[in-house]
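Tertiary structure, described
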Amino acid sequence: MMNPTGRDKERTLMKAILMTAVKEPFAAREIPDPQPGPGQVRIRLRATGVCGTDVHVWNGELPVPLPIVPGHEPVGVIDSLGPGVKSLRVGDRVGVSWFQAGCGRCQYCQRKQIKFCPEPRTWMTNGGGYADYMIAEAEGCTLLPSGLAWEPAAPMFCGGFSAMSAFRIARPRAGERIAVIGIGGLGHLALQIAKAWGHEVVAITNSANKEKDARDLGADEVLVVKDHVGQELLEMGGADIVLSFSPSMKQNSQALQGLRPDGRLVTTAVSAEPIQIDPVPTLFKQTSVIGSAQNDPADLVDILQLAAAGKVKPVLETYRLDEIASVMVRLAEGKVRHRAVISHQA
Ligand SMILES: [Zn+2]
Ligand SMILES: [Zn+2]
């Protein structure tokens, strides 16, 4: 509901998308305008990426307090500062990370590793970006490079950050060959990141109709898996690093066979299945399996810079906020190419 004066500062209600129960369609509601507390800012949203994790939340695989405003890839303009905020200003263009702040007192917070804090402040505590406004911890905000538009910036705050962290945690060396399993929301970014760093990249997909897509994104070779991803990758010469965005742990287990000596498999997907590791090749080839999420805040800054430089271009489907329920269905059905984003300006 707009305030009759039309002035944003005097609004008392805002439009927000609420998740009220597991598997209930996200629905538009009017809720009170949020106000920033100490150390927090209020953001007028401009774009919010729609992440695969939203589907896990919607399905109840990742429990969250309900009701909640989802949306953890938000970007917008700071329009209000809470008490004590010093580094940010009204008018700043920012995005908000999943992990915004820690308790400040645990051993991980002391090490500035808030991702490991047992009581982090996230979109689950502060509310997310599927709304006109959101609240964020000032220390959870990252300034956008000038020239980077809202829509391509938004998916960098979870998808791009995660893809960059997966690449970095493998400690890639010059000349190494990198395979990317799954050319979806994260995979299509990881492929471009590896190319931007000058690596030879093998894109791995289960569907032949993604082959041209992968080549257009810069893949040097494409493996369309027939039966066993590891054996088929090995027949193509193997890879030093496999960045896997596949939710199939059977496929990730097989992928270990496709590693060259000293190879690293980075796994990123949320799954209840175990990965099976054959100890003999693991021993003789000295391979490793590395779990990765959003590891180092510098990874986020770097992917934003790559996006601003046009070296990583997310392939986007753009929607309005009131279309979110149907976007969720489309995403759950695997139809999004490659990332959906809500444009709050539309
Ligand atoms: Zn802590
Ligand atoms: Zn996400």
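Attention here is on the structure that accompanies the text. Every value quoted in this text rests on a predicted model; they were computed, and no experiment measured them. (Residues numbered from 1 in each chain as written. Chains lettered and ligands numbered in written order. Predicted model: local features only at pLDDT ≥ 70, side-chain atom pairs only at ≥ 80, totals over all residues. Heavy atoms only, no water.)

**Observations regarding the coordination of the zinc ion (ligand 2)**
The zinc ion (ligand 2) binds to the protein through Cys51 (SG), His72 (NE2) and Cys158 (SG), with metal-donor distances spanning 2.0 to 2.2 Å. When the donor residues of the zinc ion (ligand 2) are listed from N- to C-terminus, their spacing reads C-x20-H-x85-C. Of this pair, cysteine 51 sits in the loop between strand E3 (40-50) and helix H1 (52-58) while histidine 72 sits in the loop between H1 and strand E4 (74-81), placing them 21 residues apart in sequence. (Donors = N, O, S within 2.8 Å, 3.2 Å for Na, K, Ca; no water. Helix = DSSP H or I, 4+ residues; strand = E, 2+ residues; numbered from the N terminus.)

**Overview of the sheet that holds strand E9 (residues 200-205)**
The six strands lie next to each other as E10-E9-E8-E11-E12-E13, forming an open sheet whose pairing is parallel. Edge strands, defined here as strands with exactly one partner in the open sheet, are strand E10 (221-224) and strand E13 (288-291). Strand after strand, the sheet turns through a mean of 20° between neighbouring axes, direction not considered. Where strand E8 (residues 177-181) lies against strand E11 (residues 239-244), four bridges are found, and the strand directions are parallel. Looking across to E11, one finds that valine 180 is bridged to leucine 243. (Pairing = 2+ DSSP bridges. Axes fitted to C-alpha atoms, helices over the stretch in contact; angles between N-to-C directions.)

**A few points about the packing of helix H5 (residues 159-169) against helix H6 (residues 187-196)**
Look at H5 against H6: their axes get within 9 Å of each other, and the N-to-C directions meet at 50°. Classified by the angle between their axes, H5 and H6 sit oblique to one another. Viewed along their axes, H5 and H6 form a crossing whose handedness is right-handed. Where H5 approaches H6, its residues Gly159, Gly160, Ala163, Met164 and Phe167 are matched on the opposing element by Leu189, Ala190, Ile193 and Ala194. (Parallel < 35°, antiparallel > 145°, perpendicular 65-115°, else oblique. Left-handed = near helix turned anticlockwise from the far one by under 90°. Contact = heavy atoms within 4.5 Å.)

**Some details on the pairing of strand E6 (residues 133-137)**
Counted residue by residue, E6 has five buried out of five residues, so it is predominantly covered. Here E6 shows a buried face lined by Tyr133, Ile135 and Glu137 and a second buried face lined by Met134 and Ala136. Sheet topology places E3 next to E6; five bridges connect them, and they run antiparallel. The residue of E6 that forms the bridge with glutamine 40 is glutamate 137. (Buried < 20%, exposed > 50% of the residue type's maximum accessible area, 1.4 Å probe, protein only.)

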